[in-house]
Amino acid sequence: TAAPSHSVAEEERRARANDREYNEKFQYASNCIKTSKYNILTFLPVNLFEQFQEVANTYFLFLLILQLIPQVSSLSWFTTIVPLVLVLAITAVKDATDDYFRHKSDNQVNNRQSQVLINGSLQQEQWMNVCVGDIIKLENNQFVAVREVALQGNKSLPLFLADRNEETNMKVRQAIPVTSELGDISRLAKFDGEVVCEPPNNKLDRFSGTLYWKESKFPLSNQNTLLRGCVLRNTEWCFGLVVFAGPDTKLMQNSGRTKFKRTSIDRLMNTLVLWIFGFLVCMGVILAIGNAIWEHEVGTRFQAYLPWDEAVDSAFFSGFLSFWSYIIILNTVVPISLYVSVEVIRLGHSYFINWDKKMFCVKRRTPAEARTTTLNEELGQVEYVFSDKTGTLTQNIMVFNKCSISGRSYGDVFDVLGHKAELGEPVDFSFNPLADKKFLFWDPTLLEAVKMGDPHTHEFFRLLSLCHTVMSEEKNEGELYYKAQSPDEGALVTAARNFGFVFRSRTPKTITVYEMGIAVTYQLLAILDFNNIRKRMSVIVRNPEGRIRLYCKGADTILLDRLHPSTQELLSTTTDHLNEYAGEGLRTLVLAYKDLDEEYYGEWAQRRLQASLAQDSREDRLASVYEEVESDMLLGATAIEDKLQQGVPETIALLTLANIKIWVLTGDKQETAVNIGYSCKMLTDDMTEVFVVTGHTVLEVREELRKAREKMMDSPYAVGNGLPCPEKCSSAKLTSVLEAVAGEYALVINGHSLAHALEADMELEFLETACACKAVICCRVTPLQKAQVVELVKKHKKAVTLAIGDGANDVSMIKTAHIGVGISGQEGIQAVLASDYSFSQFKFLQRLLLVHGRWSYLRMCKFLCYFFYKNFAFTMVHFWFGFFCGFSAQVALSASDTINHFFIWGSLAVYFASPLPCTANGLFGIGRPRLPLASPGNAQNTLAQPTVWLTITLTTVVCIMPVVAFRFLKLSLKPDLSDTLVRKKQKAQHRCLRRVGRTGSRRSGYAFSHQEGFGELIMSGKNMRLSSLALAGFATRSSSSWIESLRRKKSDSASSPGGGADKPLRG
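Residues numbered from 1 in each chain as written. Predicted model: local features only at pLDDT ≥ 70, side-chain atom pairs only at ≥ 80, totals over all residues. Heavy atoms only, no water.

## Some remarks on the overall build of the protein
Now for step 1: The helix and strand tally for the protein stands at 34 helices and 33 strands.
Now for step 2: When each of the 1067 residues of the protein is scored for burial, the buried share is 48%.
Now for step 3: Once local pairs closer than 6 in sequence are excluded, the contacts in the protein between residues at least 24 apart make up 72%. (Helix = DSSP H or I, 4+ residues; strand = E, 2+ residues; numbered from the N terminus. Buried < 20%, exposed > 50% of the residue type's maximum accessible area, 1.4 Å probe, protein only. Contact = heavy atoms within 4.5 Å.)

## Here we look at unusual backbone geometry
Now for step 1: In this structure, glutamate 215 is a non-glycine residue whose phi angle is positive, near 60°.
Now for step 2: Here glutamate 215 lies in the loop between β9 (209–213) and β10 (216–220).
Now for step 3: Here glutamate 215 falls in the exposed class, since its relative accessible area comes to 63%.
Now for step 4: One non-glycine residue, asparagine 659, lies in positive phi territory at about 65°.
Now for step 5: Structurally, asparagine 659 can be placed in the loop between α17 (648–657) and β27 (661–665).

## Quick word on the sheet that holds strand β1 (residues 13–16)
Now for step 1: Taken in spatial order, the 4 strands line up as β1-β8-β9-β10 in an open sheet, and their pairing is antiparallel. A strand with exactly one partner marks an edge of an open sheet, and here the two such strands are β1 and β10. Averaged over all neighbouring strand pairs, the angle between strand axes comes to 20°, with direction disregarded.
Now for step 2: Across 4 bridges, the pairing between strand β8 (residues 194–197) and β9 is antiparallel. Considered in β9, the bridge of cysteine 197 is made with glycine 209. (Pairing = 2+ DSSP bridges. Axes fitted to C-alpha atoms, helices over the stretch in contact; angles between N-to-C directions.)

## Examining the environment of glutamate 474
Now for step 1: Counting through the fold element by element, glutamate 474 comes out in strand β18 (residues 471–476).
Now for step 2: For the pair formed by glutamate 474 and serine 505, sequence separation is 31 residues and the distance between their alpha carbons is 8.8 Å.
Now for step 3: Excluding residues that lie within four positions of it along the chain, glutamate 474 makes contacts with Glu479, Leu480 and Arg504.
Now for step 4: For glutamate 474, the side chain forms a polar contact with the side chain of arginine 504, separated by 2.8 Å. (Polar contact = N/O pair within 3.5 Å; in protein donor to acceptor, adjacent residues only side chain to side chain.)

## Structural notes on the pattern of salt bridges
Now for step 1: Per the counting criterion, the structure on display carries 36 salt bridges.
Now for step 2: Its salt-bridge partner being glutamate 630, residue arginine 536 comes within 2.6 Å of it at the nearest N-O pair. Of the two residues, arginine 536 is situated in strand β23 (residues 536–542) and glutamate 630 in the loop between α16 (618–629) and β26 (633–644); the sequence distance between them amounts to 94 residues.
Now for step 3: Residue class for arginine 536 comes out buried when judged on its relative accessible area of 2%.
Now for step 4: Notably, a salt bridge pairs arginine 702 with aspartate 761, separated by 3.5 Å at the nearest N-O pair. Within this pair, whereas arginine 702 is found in helix α19 (residues 698–713), its partner aspartate 761 is found in the loop between α21 (751–757) and α22 (763–771), the two being separated by 59 residues in sequence.
Now for step 5: Residue classification places arginine 702 among the buried positions, given a relative accessible area of 13%. (Salt bridge = Lys/Arg side-chain N within 4 Å of Asp/Glu carboxyl O.)

## A closer look at the packing of α22 against helix α23 (residues 783–796)
Now for step 1: The N-to-C vectors of α22 and α23 enclose an angle of 85°; their axes lie 11 Å apart at closest approach. As far as their axial angle goes, α23 and α22 are roughly perpendicular. On α23, the residues touching Glu763, Leu764, Phe766 and Leu767 of α22 are Leu792, Val793, Lys795 and His796.
Now for step 2: Across the contact of α22 with α23, the residue classes break down as 5 nonpolar, 1 polar and 2 charged. (Parallel < 35°, antiparallel > 145°, perpendicular 65-115°, else oblique. Nonpolar A, V, L, I, M, F, W, Y, C, P; charged D, E, K, R; others polar.)

## Looking at the packing of aromatic side chains
Now for step 1: Tallying each qualifying case throughout the model produces 33 aromatic pairs.
Now for step 2: Both rings, one in phenylalanine 879 and one in tryptophan 880, keep their centres 5.2 Å apart while their planes meet at 70°; by these two values the pair is edge-to-face.
Now for step 3: A relative accessible area of 8% means that phenylalanine 879 is categorised as buried.
Now for step 4: Members of the aromatic cluster, connected to one another through ring pairs, are Phe400, Phe429, Phe439, Phe441, Phe460, Phe461, Phe499 and Phe501. (Phe/Tyr/Trp six-rings, centres within 6.5 Å; stacked < 30°, edge-to-face > 60°.)

## Examining the nonpolar core
Now for step 1: Membership of the largest hydrophobic core comes to 48 residues, with the highest contact counts inside it found for Phe460, Phe461 and Phe499.
Now for step 2: In this structure phenylalanine 460 touches Phe400, Cys403, Ser404, Ile405, Leu591, Leu635, Ala637 and Thr638, once residues within four positions along its chain are discounted.
Now for step 3: Ile660, Ile662, Cys680 and Leu802 belong to the second-largest nonpolar core, a separate cluster that totals 43 residues. (Core = buried A, V, L, I, M, F, W, Y, C linked by side-chain atoms within 4.5 Å.)

## Considerations on the confidence of the model for the protein
Now for step 1: Averaged over all residues, the pLDDT of the protein is 76; the fraction at 70 or higher stands at 76%.
Now for step 2: Considering only residues more than four positions removed or in separate chains, one finds that residues 715–735, a stretch of pLDDT under 50, has 32 contacts. (pLDDT = per-residue confidence, 0-100.)

## What about the sheet that holds strand β14 (residues 369–370)?
Now for step 1: As summarised here, the arrangement of the 9 strands in space is β14-β33-β32-β31-β15-β27-β30-β29-β28, forming an open sheet in which the pairing is mixed. Here the strands that pair on one side only, and so sit at the sheet edges, are β14 and β28 (689–693).
Now for step 2: Where strand β32 (residues 819–823) and strand β33 (residues 837–839) come together, 3 bridges link them in parallel fashion. Paired with isoleucine 823 across the bridge in β33 is phenylalanine 839.
Now for step 3: Helix-sheet contacts for α19 involve β28 and β29 (745–749), and the interaxial angle to β28 is about 170°.
Now for step 4: Here helix α26 (residues 844–881) sits on the sheet and contacts β15 (382–387), β31 (800–805), β32 and β33; the angle it forms with β33, its principal contact strand, is near 140°.

Okay, structure coming up:
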């Protein structure tokens, strides 16, 4: 069959093997990647352009331009350009360093070597030179350079892929059967097949394509492709055809920019800067008005020796220029260096987290890591924690614990009276030389049933040994090592191995199992793989006798609806066992099988082939074909134990004491999640009530939420009967009386109920009910629902959220929350790579929040208070000086004093002092176990304490009263010259008031006053006859004090005839 013609727009990708000339016509992207932002030529202009998008930088550039105008500026341009250049340089160096490492990483990746088949021989080529359509050779433990279709592997073994930097998250890939026969390089060099597939996209879990070769077409799926960035395992070598390269690969398509997360401190600083800028403008306007008035009233009298500039023709224009001059002089109130200073302190806090030995996991040799430096103080403000269960609260180390086979439960130990007994000695598996010595099981009756040849038990373990994608590696004779995609699969296959059904090896078409010591090879006809929608997995095999059977395992909510009607009695018994297992906190799976006749299977296989070759809606068509064949008979169920991590109950108890609400979002059954909730002390017997929402319709869910609110309020009319009322359910009303109800409540909701609760007309009802509860558990939720729950709280609650998880299904939740924490556990590092902070155990969360978060927040608050105090103290000096210099825009301090002030007190001292003050005994001691979080509410609580106001009053009295008393006594007992003159002036004014009946004028305090000067005083000679004591006191007083005291009006002098000109003054 000929391949269809090419479309101009890339609605499909076409790649022909060994034909670069043909593939170059489509102008596909090269394999050279570029994650850097700058180069040598573009760095300076691009970086400056980015930096001047910051309002503060643009503002100071504007000031610098103003300072170059002589009529406006009384300061040298040096005072502005130095801090501006310093800030720009520090930021530029940081950006250049980051980009240098990006360049270094790009060069390292692009220059990796790969073996490419060119002109019939393998040649070494750099990754950047690999093109679409090339055939490349990969070897074991080698990174995959591109997205390629696997053509051939050695010994026809499945290819085993490990995600980058991960050993636990393995994915099975297989070469196309038709191309596996291309034995040597010469045949591969002549291979001219053409792949037609979907265009580049970021969907990691799907691939749809078709191989056209030898007038035939063959379906391609995700199982036949190798992803860029993965590592080849379990095979010595393989060949692949390049389909996507460089930016078109799935890895690069998913490496978009992470959403920038801003903290509440950042938002507060931005708001404060805007208010401060407004305050600066107000000060400039006040001083400009003062300048205009002074120039109009007084300045015109001094034109002889204080002439205006040529450009100034009026007092109004002088005030206008004075406004811009004061904007320059008072610019220090706007904190240009604030953002840089904050980043430096945050960097120090990040190192404190990285260096904390109490957050270091000795077992895994994994330290805590702050992967961002912008969210440290936000850790001290967290109010909601959203946590995954498996691998986060639990260890994610699965152990086969119990099972139900044909209506009988195994796993508990009973005494002779039929009562449950204490676990004694584990079952002896010495009869099986291939048994795993680490596996423990305590119920001997299950092993007896196996040895006695019970057919149901044999079929049970046969299913476990066949229905999986586990890979087996045998390094030495009898030493088997299993590599599984999930710990669940590994635990089930290991259980079958110990009970005599040993999975030994597999090829793309066969599975070999040792059944009670006898090797049996099954022909693998089809794998119906697991996904989040199907929630089940099936295999179709043909045994040596030729009988075809389908084996299936999956979630009980899915499989129980697909069982044969004749199994109702067995179904009821197995359901009871499932509920019992889930009540003990165990993870459950249902197992089933179905016999297929040859004719039916042949027809079904043909329909499956047609669906797999479809160019559109391939996945939907395959799902429909799978649904048709998966109607099974019940066989049994398994129960796997996943133990809690160490320290989880204590951590949750501490976080609860800090008024942090914890929500668990898990995909497990409701009973399992609830049991884990009790184990980790989220749920307690002391709680008033635990509400369970399991409604299947919108009305049922709304009714259950309404009843929960009524019980919390003890009134059926408290919440408007649960009807969707915008005025009652608006976000402004969410801080309702519900959150102050007496008693402790918890909410448990299923995934299908949560889907209705998250609808637009009910989400606020659900949120208000959930936020009134102390703990919330959401069961059977999808990764998307996890992110939706977090987004709902972020949107309607003014609270900081934190999401913590360990797997790929937690990535969306981690990215959505204000703060994302990744657990480096058994499921790889996807969550870690997407997180802001990472460590290896959940218990370290208490230290991250209650110690580092609290300290970071307190230090940052103290720093901001000091920083703004420093700026205002320095700036207000110039503001008040304006009233004493005729509003002439003169500076009170020299430029060197300004630079020293901001460099010493604004930078060095703060950088060293701010990160170090702590409130506990040691730098990394956790302090009191009930240490509350630092939050804005603490200030309100502190001011409500009587002892605080008593301390403030006593401090004020002790500090101020001695000074006030000293000045009062000095004024009365030993007045100086100015005090005497002031008294005489006040007496004279008092006499004038009684005689004239008018008020005295208020004297101005700046140098060029509206009143008379000192000519009369000088001519009178009074200042020449001062005593030596008076002169000494006279020299120490401020200029404004004695100037104001000595000035007199002529009318005041005329009304005092007794004051002779030759009468000496007395101090």
